[in-house]
Amino acid sequence: MPGPRAKQHAAKKSKSKSVAVLLNAGPALPPALQPRSLSSLDELSADDWDEVVRVMCDHLKIPDLTKRSGLKKVYNNFDDIYKRIDDLFSTHAGNQIIRGGVVAIYAKMSADSILRNLLFQKSLLAKILPLVEKDNSRHLALRALTTVTHHGGTDIRKEITLHAPTIVKVLQDNPDDLHAAEFAISSLAHAVTASIDEPQRPAAKYIKALQLSTLLPLVLDFVAKPGASLQLLHHALEFCGHLTQHCTQECLAYPAVIDFLIASIRSPDLHSRFYALGAVIRLHKSASDPEILFNDPGALMTAMQRGLPDHLAELIVDYGTARCESTLTLRSVAEYQKAMIECLHHRDLYKLGLALAELIPRNEFSINEGGFQAVNQSTGRSEFISGGLPFTMWADALPLCAKEIRQRRRSTEEDLADMLDLKFLVIRSRIPEAIALAKKSIERNPKFPYFYYIMTLGTDLEEALRYAKKGLKIKNATPFIHNVLLSRAVEIAGNLAICRMQESTIGDRKWEEGQALLSSALDDAQIYLAKAPPDTRHRKSVLYWYIALTLADRGPELSTDLRELDQYVDQLKIADQFYAVFGVDPPMSQLRQAQVTIFSRYRSAAQTWGHIVARLDSTSIDHEHVVQRDRPEDQLAAWLHDFRHRNGDDIDDDLPEKSSHPKWSTNPAELHKCSWCGNPSAVLRKCGGCEKARYCDASCQKSAWSEHKKVCKPRPTPAT
């Protein structure tokens, strides 16, 4: 006997049956969607790639490549499916329509990294490249090549670089084909990221294959043509920028490349400006001088005795002679020598250690190599002697003094012992050991400024910046420690800002972090330039960073003669004059050479390329290059980019992006600075109370609590 739900169950079965009947009895599919035989391709032309691909997929019974499930089926049956496709390709050697359709299918499959690698092993490039040289399949093949390089791994991109001569020939033979140029330059820009733009010098075969003496003029000729798309402009900038570090001579041999990069620093697009700035800086990496690490006290003493030029002496007096670096250096060196001579008499390493600990945070050059000397009667030469002390070179006294201080077991002096050991490790260039010791010292006493200075010397730039910003919040730092932390904060944040801006997409975490880093570097640079002594060694570096970052930050706001930066250029000249007076040739550092190059070519570059780079606006790149299905060259693009489908079965991880370039974001940089130390970061922790303040870690939150508790109010609970 039917239960109480029987009628409902019967109704459901009846409804399902009705639906099935309706589906089976529905109207026929439109002609455009009805299955077609492979022979029908003879009726199609090279303008119908969308239909060509659909017919071939139906004929070959290929799973739906727009779904993850379809790609999984291809992977699970790869050998069988590949054989069907490849047989079709091989048996139609003279049919460019079918061969082009096969390449389009392979390009679609290449969005999946595993399938892409399998296809690459099956000589995918050997199928694509011949079609690049055919008129009716050129755009299709180049579009496929762009897709493969965009998603390709290192090996694929390197291999494509070796085939650059084919692409160069296409550009040469088709000087008016902007669509082909866009795809070709895009492919090359993606390829050289793996083959050329890497830390180590690339293999010569990649540079040779690019034929840069021919290729660079071709690329810039297309950039200058009316109608060049934003995609073409962005990829041309990307391509040229990748070359500057390891193809310096090739770039310098064609100055238009340098002018194009410099002019791009004036573009309305912040991402493009920072990319161009980074490229110009990298241009001078191989020929740059290292920064000077130590001053010569003897040369400094001679200069001071001789007397400074009036305008430099006036700067010293206005700032305060006793507070200037040159004065502090001479005084510290004299006291250092005095302490050593006294130790020769009293032989008290504990007393010597306390004297040295007082000198270390006063000046960068207060402790250095040196020793007692005497003439060897046998050789007649001057030699270093110990004088009966347990060390010969004075710097070797530092760890001995630290040990003696620790043996007294006075808790107030433990930091001094660590500082002596740290100074010794730095003098001996044992930085990793110094970093490890400084971390332990900070755990014991987080309010000793010198430890934070040591942490800024490490190779982990994010960690170094975090410690620099924390150290700046400590109130008992000496002027030297405070200023050197500021200079390190500027240099590190500036470096990271350029890297983040180049690596990011507008609106993502790296972009927001880059904005915060830029703001941090510029703010700290202004503080340093206002407060640091006029003769300090780090002033030049801070000025170079401030000028470089301002160029990219303000872009087209600056006049072409850069008069807004005159006061900072004048300060650089003053810094050079201090160097010269102190007997030091100003080093031709990487930033110095970049600044000279930019300033010497800025106006002419703006005049030549300004109207072109004014179009480099990532906010509108997608609007300009919208895929239009009625354009033959975009029919395949529409199919390649159509990755969103019913049932939510999307390919999220391997999506080919419509544009790899960023879009503008208005997220305020202040949301990504620690509310205590100001360290810029995109991974700060929110205050658990108000959820507004953000901190690097528990130590910053604890340090800020005495003030923050006055304003910290829990967020109201939403009404239910």
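If you're wondering where the values come from, they're calculated on a predicted model, not measured in any experiment. (Residues numbered from 1 in each chain as written. Predicted model: local features only at pLDDT ≥ 70, side-chain atom pairs only at ≥ 80, totals over all residues. Heavy atoms only, no water.)

*Asks:* Looking at this structure, I do not really get the overall build of the protein chain. What am I missing?
*Replies:* A count of helices and strands for the protein chain gives 34 helices and 4 strands. Within the span of the protein chain, comprising 720 residues, buried residues form 53% of the whole. In the protein chain, the share of contacts with a sequence separation of at least 24, taken over all contacts with a separation of at least 6, comes to 70%. Counting only carbon and sulfur atoms, one obtains 52% of the accessible surface of the protein chain, whose full area is about 33900 Å². (Helix = DSSP H or I, 4+ residues; strand = E, 2+ residues; numbered from the N terminus. Buried < 20%, exposed > 50% of the residue type's maximum accessible area, 1.4 Å probe, protein only. Contact = heavy atoms within 4.5 Å. Areas by Shrake-Rupley, 256 points an atom, 1.4 Å probe, with all protein chains shown as cover.)

*Asks:* In this structure, what is going on with the environment of Glu369? I would like to understand it.
*Replies:* Summarising the element assignment, Glu369 is placed in the loop between helix H21 (349-359) and strand E1 (372-375). By relative accessible area, which is 38% here, Glu369 ends up partly exposed. Spatially, the C-alpha atom of Glu369 lies 6.1 Å from that of Trp394, the residues being 25 residues apart in sequence. Beyond its immediate chain neighbours, meaning those up to four positions away, Glu369 contacts Met393, Ala395, Ile427 and Arg428.

*Asks:* Sorry if this is basic, but what is going on with the confidence of the model for the protein chain here?
*Replies:* One rule of thumb: low pLDDT means the predicted coordinates there are not for detailed reading. Put simply, the protein chain has an average pLDDT of 83, and 83% of its residues get 70 or more. When the criterion is pLDDT under 50, residues 1-35 qualifies, and its contacts beyond four places in sequence or with other chains add up to 6 contacts. (pLDDT = per-residue confidence, 0-100.)

*Asks:* Got a minute to help me understand the packing of helix H29 (residues 539-554) against helix H31 (residues 590-613) in this structure?
*Replies:* One can describe the packing of H29 onto H31 by two numbers: an axis separation of 10 Å at closest approach and a directional angle of 45 degrees. Between H29 and H31, the crossing angle belongs to the class labelled oblique. In terms of crossing hand, the pair formed by H29 and H31 is left-handed. Between H29, through Lys540, Tyr544, Trp545, Ile547 and Leu551, and H31, the contact on the second element is made entirely by Leu591, Arg592, Gln595, Ile598, Phe599 and Tyr602. When its residues are assigned to classes, the contact of H29 with H31 shows 8 nonpolar, 1 polar and 2 charged. (Axes fitted to C-alpha atoms, helices over the stretch in contact; angles between N-to-C directions. Parallel < 35°, antiparallel > 145°, perpendicular 65-115°, else oblique. Left-handed = near helix turned anticlockwise from the far one by under 90°. Nonpolar A, V, L, I, M, F, W, Y, C, P; charged D, E, K, R; others polar.)

*Asks:* Explain the packing of aromatic side chains to me, please; I cannot follow it from the model alone.
*Replies:* In the structure shown here, the tally under the stated rule is 11 aromatic pairs. Both rings, one in Tyr82 and one in Tyr106, keep their centres 5.8 Å apart while their planes meet at 20 degrees; by these two values the pair is stacked. With Tyr82 in helix H4 (residues 78-90) and Tyr106 in helix H5 (residues 96-109), this residue pair connects regions lying 24 residues apart in the sequence. Seen in terms of ring centroids, Tyr336 and Trp394 are 5.5 Å apart; in terms of plane orientation they differ by 90 degrees. Their pairing is edge-to-face. Taken together, the positions of Tyr336 in helix H20 (residues 325-346) and Trp394 in the loop between strand E2 (382-385) and helix H22 (397-407) put the pair 58 residues apart, joining distant regions of the chain. By relative accessible area, Tyr336 is classed as buried at 2%. An aromatic cluster is built from Phe78, Tyr82 and Tyr106, whose rings are joined through pairwise contacts. When the ring centre of Phe222 is taken as reference, the NZ or CZ atom of Lys225 above it lies at 5.8 Å. Its end group placed over the ring of Tyr319, Arg323 keeps NZ or CZ at 4.1 Å from the ring centre. (Phe/Tyr/Trp six-rings, centres within 6.5 Å; stacked < 30°, edge-to-face > 60°. Lys NZ or Arg CZ within 6 Å of the ring centre and 35° of its normal.)

*Asks:* Would you mind going over the environment of Pro586 with me for this structure?
*Replies:* Within the secondary structure, Pro586 sits in the loop between helix H30 (566-581) and H31. Taking the C-alpha atoms as reference, Pro586 lies 8.8 Å from Ala575; in sequence the two are 11 residues apart. Apart from residues no more than four positions distant in its own chain, Pro586 is found in contact with Lys540, Asp576, Tyr579 and Arg592.

*Asks:* Help me understand the state of the cysteines in this model?
*Replies:* Working definition of a disulfide: a covalent bond connecting the sulfur atoms of two cysteines. Summed over all chains, the structure comprises 0 disulfides. The thiol sulfur of Cys677 is not disulfide-bonded, and the nearest other cysteine sulfur, from Cys696, lies at 3.7 Å. Take Cys677: its relative accessible area is 6%, and that puts it in the buried class. Residue classification places Cys696 among the buried residues on the basis of a relative accessible area of 12%. (Disulfide = S-S within 2.5 Å.)

*Asks:* Would you take a moment to explain the pattern of salt bridges for this structure?
*Replies:* Two side chains of opposite charge can pair, provided their charged atoms sit close to one another. With the rule as written, the count across this model stands at 33 salt bridges. The partner of Asp80 in a salt bridge is Arg84, and the shortest N-O contact between them spans 2.5 Å. Separated by 4 residues within a single helix, Asp80 and Arg84 lie in helix H4, roughly one turn from each other. Across the pair Glu433 and Arg430 runs a salt bridge whose closest N-O atoms are separated by 2.9 Å. Exposure remark for Arg430: the relative accessible area of 34% places this residue in the partly exposed category. Taken together, the salt bridges that share partners define one network made up of Arg406, Glu414, Asp415, Asp418, Asp421 and Arg444. (Salt bridge = Lys/Arg side-chain N within 4 Å of Asp/Glu carboxyl O.)

*Asks:* What is the right way to read the nonpolar core from this model?
*Replies:* One broad trend across soluble globular proteins is that nonpolar side chains are buried collectively. Core analysis: the largest hydrophobic core is formed by 189 residues, its most contacted members being Ile105, Met109, Leu210, Val223, Phe239, Leu352 and Leu356. Of all the elements, helix H27 (residues 479-503) adds the most residues to this core, at 13 residues. (Core = buried A, V, L, I, M, F, W, Y, C linked by side-chain atoms within 4.5 Å.)

*Asks:* Where do I start with the pairing of E2 in this structure?
*Replies:* Along any regular strand the residues' side chains alternate between the sheet's two faces. Note: E1 against E2, 4 bridges, orientation antiparallel. Directly across from Phe372, in E2, lies its bridge partner Ile385. Taken together, E1 and the strand that follows it, E2, pair antiparallel across an intervening segment of 6 residues, in which Gly380 is found at a positive phi of about 75 degrees. (Pairing = 2+ DSSP bridges.)

*Asks:* Would you take a moment to explain the side chain of Gln593 for this structure?
*Replies:* Summarising the element assignment, Gln593 is placed in helix H31. Apart from residues no more than four positions distant in its own chain, Gln593 is found in contact with His284, Ala287, Ser288 and Met588.

*Asks:* It is not clear to me how helix H16 (residues 255-264) should be interpreted in this structure. Could you clarify?
*Replies:* One full turn of an α-helix is made of 3.6 residues, so residues set three or four places apart face in the same direction. Counting buried residues in H16 gives 9 out of 10 residues, a clear majority hidden from the surface. Every buried residue of H16 is accounted for by Ala256, Val257, Ile258, Asp259, Phe260, Leu261, Ile262, Ala263 and Ser264. Looking at the buried side of H16, the elements it contacts are helix H13 (212-224), helix H14 (230-243), helix H15 (248-252), helix H17 (270-282) and H31.

*Asks:* Any chance you could explain the environment of Tyr452 here in plain terms?
*Replies:* By the secondary structure assignment, Tyr452 is in helix H25 (residues 449-455). Residue classification places Tyr452 among the buried positions, given a relative accessible area of 5%. The spacing of Tyr452 and Arg466 is 14 residues in sequence and 9.3 Å in space, taken between C-alpha atoms.

*Asks:* Got a minute to help me understand the packing of H16 against H31 in this structure?
*Replies:* When two helices pack together, their arrangement is given by the angle between the helix axes and by the axis-to-axis distance. Put simply, H16 and H31 touch, their axes get as near as 7 Å, and they point 80 degrees apart. Classed by the angle they form, the pair H16 and H31 counts as roughly perpendicular. Each of Pro255, Ala256, Ile258, Asp259, Phe260, Ile262, Ala263 and Ser264 in H16 lies in contact with H31, whose residues at this interface are Thr597, Ile598, Arg601, Tyr602, Ala605, Ala606, Trp609 and Val613. Tallied by class, residues from the contact of H16 with H31 come to 12 nonpolar, 2 polar and 2 charged.

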